[in-house]
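Structural features, examined
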Amino acid sequence: MLLPVGVAVAVVAGGGAAWVWGADDSGTAAPSTPSGAPAVARADCATHGKVPGSGSTAQENAMEYWIKQYEQACSPVRIAYNPLGSGAGVVQFMQKTTAFGGTDTPVDPKENTPDPGVCAGGQVINLPMVGGAVAVGYSVPGVDDLVLDAATMAAIFDSRITAWDDPAIRKLNPGADLPAVPIRAVHRSDNSGTTQNFQAYLAGAAPEVWKHPAEKAWQGKGGESASGSTAVAEAVASTSGSIGYFELSFAAALRLKTVRVDTGAGEPVAATAETASAGIAAATVVGEGKDLTLEFNYRTSADATYPIVLVSYEIVCDKGNDADTLPALKSFLSYTASDAGQELLSRIHYAPLPQSVAAEVREVISTLG
């Protein structure tokens, strides 16, 4: 796994974790941000602090840019993010190893009890922070445009359709030169919020075919596996006849072709930041109190609305955060949820939060204690 500049590596020893930070404490600014990126206002910076986080690989690329930009403007504050996967991010936060966790599937505040001393006097809450398309990338010789629907994808990833010239695929792609080669479906081997979101889509849009639960662990039959979004995307890029799922930014980085989804709309829908934003905008907030968990409509047939979407959350305490890290935590998360932080996302193939949701997130962050 490649770690972004300025991102920490956790070394576990004796039940704890030591964080190696991406810059020293001398006040040296972090590397410059992408050309034309919106700036962080110095007045919005914390004055000091080190804020460790870990979790979702889906938000890894967004975190890389956010951290570079924030540290450049807000030195000597240091932010660290270790992309271990959503499952590990939740565990580390619940054990007070980190100040925030990144997860592509919200935790249930009523069912997830952190270790003693974590969120003292409060509870864990979910803050949606970055949206995106779960792209379905493929490497099929001679096929530059591939259309699949939910039922066909479900059958492919459950090893019921095993060859690229299967009649179900041909029906969706008339005139395409589909080869008679085996399908090599690649899924995540680690516990993953991306996996849970992808399986939630299959279960929600094709329940008659995908009868597995939407868990962080892969539930489908057969296939090949790799750990992390980067590894899945690389496996698809290097393996003829393969197909896999990962966030759109990973497909863009490797120039992978991605499936257009037949949702019943006027045209099959490609995975883009714009079509994913349309899918996220249709979500509703179902969390209670300060918890901002969202619920998606996977069966949408609206034009230009991509249905396989996720929102990656930051999990924090509404009360009982560590006093030493709280000012920097609030400052950094306020930036990521700001107009400037969200504006950056479409440039790196993510989907910005709808304005109404982002405003709610900023309001909750301001009340963290």
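Check the entry above for the structure.
Here we summarise the structure given alongside this text. (Residues numbered from 1 in each chain as written. Predicted model: local features only at pLDDT ≥ 70, side-chain atom pairs only at ≥ 80, totals over all residues. Heavy atoms only, no water.)

Right, let's talk about the environment of G279 for a bit. Tracing the backbone shows G279 in helix α8 (residues 273-281). Sequence spacing of G279 and Y298 is 19 residues, and the spatial spacing of their C-alpha atoms is 8.5 Å. Excluding residues that lie within four positions of it along the chain, G279 makes contacts with T305 and Y306. (Helix = DSSP H or I, 4+ residues; strand = E, 2+ residues; numbered from the N terminus. Contact = heavy atoms within 4.5 Å.)

The next thing to look at is the packing of aromatic side chains. Overall, the coordinates contain 13 aromatic pairs when judged by the stated rule. Between the aromatic rings of Y81 and F100, the centroid separation amounts to 6.1 Å while the plane-to-plane angle is 15°, which identifies the pairing as stacked. Here Y81 is found in strand β4 (residues 78-82), whereas its partner F100 is found in strand β5 (residues 100-103), with 19 residues between them in sequence. Both residues of the pair, Y81 and F100, belong to the buried class. A centroid spacing of 5.5 Å and a plane angle of 55° characterise the contact between W210 and W218, whose relative ring orientation is tilted. On the basis of relative accessibility, which here comes to 14%, the residue W218 falls in the buried class. Here the aromatic cluster, defined as three or more aromatic residues joined through ring pairs, consists of Y70, Y81, F100, F332 and Y335. We note K68 situated over the ring of Y65; from NZ or CZ to the ring centre the distance is 5.8 Å. (Phe/Tyr/Trp six-rings, centres within 6.5 Å; stacked < 30°, edge-to-face > 60°. Buried < 20%, exposed > 50% of the residue type's maximum accessible area, 1.4 Å probe, protein only. Lys NZ or Arg CZ within 6 Å of the ring centre and 35° of its normal.)

The next thing to look at is the packing of helix α1 (residues 60-74) against helix α9 (residues 326-336). Contact geometry of α1 with α9 gives a least axis separation of 11 Å together with a crossing angle of 120°. Taken together, the axes of α1 and α9 are oblique relative to one another. The two elements α1 and α9 cross, and the hand of that crossing is right-handed. Touching M63, W66, I67, Q69 and Y70 of α1 are A328, S331, F332, Y335 and T336, all from α9. By residue class, the composition of the contact of α1 with α9 is seven nonpolar, three polar and no charged. (Axes fitted to C-alpha atoms, helices over the stretch in contact; angles between N-to-C directions. Parallel < 35°, antiparallel > 145°, perpendicular 65-115°, else oblique. Left-handed = near helix turned anticlockwise from the far one by under 90°. Nonpolar A, V, L, I, M, F, W, Y, C, P; charged D, E, K, R; others polar.)

Below, the discussion takes up α9. Most of α9 is tucked away: eight of the eleven residues are buried. Burial in α9 covers these residues: L326, A328, L329, S331, F332, L333, Y335 and T336.

The next thing to look at is the nonpolar core. By size, the foremost hydrophobic cluster in this structure holds 91 residues, and its most contacted members are W66, F157 and I243. Broken down by element, the residue count for this core peaks at nine residues, all from strand β6 (residues 124-139). In contact with F157, other than residues within four places in its own chain, are V136, A185, V186, F198, W210, W218, G220, K221, I243, G244 and Y245. (Core = buried A, V, L, I, M, F, W, Y, C linked by side-chain atoms within 4.5 Å.)

What follows is about the pattern of salt bridges. Scanning all chains against the criterion turns up seven salt bridges. Two residues, D145 and R260, come together in a salt bridge whose shortest N-O distance is 2.9 Å. Here D145 is found in the loop between β6 and β7 (147-149), whereas its partner R260 is found in strand β12 (residues 260-262), with 115 residues between them in sequence. Judged by relative accessible area, D145 falls into the partly exposed class, the value being 40%. (Salt bridge = Lys/Arg side-chain N within 4 Å of Asp/Glu carboxyl O.)

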